[in-house]
Amino acid sequence: MASRPYGKGLRALSITTVAAMTAALALVFFYAPLEAEQGFLQKIFYVHVPLAIVSLCGFVLGGLLAIQHLRTRDSRWDMRSYVAIHMALIFGLATLITGSIWAKGSWGHWWVWNEPTLVSFLIVFLLYATYQPLRFAIEDPERQSRYASVFAVTAGAFVPLNFIAVRMSTSFLHPRTLSSTSNLPGSMGFTFLVSVVAIALLYATLCKYELTVKHTRAQVRALRRRLVAEDSPARGRSAAPSGLPEEEPRPAPGPDGLAPGGQRFGSAPGTAA
Amino acid sequence: MIATGLLAELPALPLHTAGKYVAAAYIVLFAMVLVYLAIISVRMSRTERELGELLERLDGDQPATPRQADREPGAER
């Protein structure tokens, strides 16, 4: 059965992302006005906050895809959930680094421990940093994908709860951006929205690249197993899902190198010696 | 020429004050994307090489079909 190609539409998505990123950068540096208090330093806001939003949404998306995996037992959803979380983790790392740079420029410190937004984001990041080791610790692919999905759902539910808890906290040190009391002027708000769209497109494009590469590798691996099954090394332990859901498990060869049906491995049905 | 003219028209950025922090933040993002794309391209080239090996192997294992045998030297007449 031919599987659906993940690479479809990748070129158009990549071009759109590059255009959106270029537009966002142009707006940030040549359209949005300088903020009264922080001045030019506030330009970090247009990369840091969209990264944080997309990263948190990516974690939640990973949980939703994991629910779909648990419902259908289709490993393609596990793969999507894995890639969504993997990419959100990378965006989360970028959020922490850009946030630290902003904090250093603005507050004079790389990190402030009494700021709930920073610490809560770090907690979410560290929580998801355990996702890959969890997967790697489980050798059986079926159990690995099931446990990882349960983790993704639980942690994904924790993300909005954490967000709400931080919102309800009393600190006013960290700037608020997505609230009804937001006082962003129109040009700043428009630039911010374009930046969010650009970063979201970047996330989607990189996810699609990752899915395409993983799916292609899985297809090549499956092809190798079919063609040269006898010298093909078994897949080692990996945190990444195996990829091809439609591939049926192959029975172990007997001592004579024949499958239980008498068919030689790597040969088509009816061609057994 | 057009690009130079356009750049001359654009407002000057106050890079002297917080420029290094802003530059660092944006460079971090683009460096991460570049590193990620480099990793992806390495993986793709590895997959391409594996696919090439499989194709070579398939060509080597393939028994000569009558049409191919006809094309072999000495089999023409």
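Above this text is the structure in question.
Before going into details, it helps to say that this report is about the structure given with it. (Residues numbered from 1 in each chain as written. Chains lettered and ligands numbered in written order. Predicted model: local features only at pLDDT ≥ 70, side-chain atom pairs only at ≥ 80, totals over all residues.)

Further remarks concern the overall build of chain A. In terms of regular secondary structure, chain A is built from seven helices and zero strands. The secondary structure elements of chain A, listed N-terminal to C-terminal, are α-α-α-α-α-α-α. A buried classification covers 34% of the 273 residues belonging to chain A. Counting only contacts in chain A whose residues sit at least 6 apart along the sequence, the fraction spanning at least 24 positions is 76%. (Helix = DSSP H or I, 4+ residues; strand = E, 2+ residues; numbered from the N terminus. Buried ≥ 20, exposed ≤ 12 C-beta atoms within 10 Å, placed from the backbone. Contact = placed C-beta atoms within 7 Å.)

Moving on, we get to unusual backbone geometry. Only a minority of non-glycine residues have a phi that is not negative, and only a minority of peptide bonds are not trans. Residue and element names in this part refer to chain A. Despite not being glycine, arginine 73 shows a phi value in the positive range, around 60 degrees. Following the sequence through the fold, arginine 73 ends up in the loop between α2 (45–72) and α3 (75–107). By C-beta crowding, arginine 73 is classed as partly exposed, having 13 other C-beta atoms within 10 Å.

Residues and elements named next belong to chain A. Running from N to C, α3 and helix α4 (residues 116–129) point in directions that differ by 145 degrees, and their axes come no closer than 10 Å. When the axes of α3 and α4 are compared, the crossing they make is left-handed. Across from Ile85, Leu89, Gly92, Thr95, Leu96 and Gly99 in α3, the residues of α4 making contact are Leu118, Phe121, Leu122, Phe125, Tyr128 and Ala129. When grouped by side-chain class, the residues that make up the contact of α3 with α4 number nine nonpolar, three polar and no charged. (Axes fitted to C-alpha atoms, helices over the stretch in contact; angles between N-to-C directions. Left-handed = near helix turned anticlockwise from the far one by under 90°. Nonpolar A, V, L, I, M, F, W, Y, C, P; charged D, E, K, R; others polar.)

Our focus in this paragraph is the nonpolar core. Membership of the largest hydrophobic core comes to 60 residues, with the highest contact counts inside it found for Ile44(A), Phe59(A), Ala84(A), Ile85(A), Met87(A), Phe91(A) and Tyr203(A). Counting only elements with at least two residues in this core, the list comes to α1 (10–30), α2, α3, α4, α6 (141–168) and α7 (186–227) of chain A together with α2 (15–61) of chain B. Among residues more than four places away in sequence, those in contact with Met87(A) are Gly58(A), Tyr203(A), Leu206(A), Cys207(A) and Glu210(A). (Core = buried A, V, L, I, M, F, W, Y, C linked by C-beta atoms within 7 Å.)

Next up on the list: α1(A). All names here are of chain A. If you check α1, its first and last C-alpha atoms are 30 Å apart, about what 21 residues at 1.5 Å a residue would give, namely 30 Å. Thr17, Met21, Ala24, Leu27 and Val28 are the residues of α1 that are buried. Within α1, the buried residues cover an arc of 130 degrees as seen down the axis, which keeps them to one side. Residues Arg11, Ala12, Ile15, Ala19, Thr22 and Phe30 are exposed on α1 and point more than 90 degrees away from its buried face. Check the buried side of α1 and you find it contacts α2 and α7. (Expected span 1.5 Å × (residues − 1). Arc of directions from axis to C-beta.)

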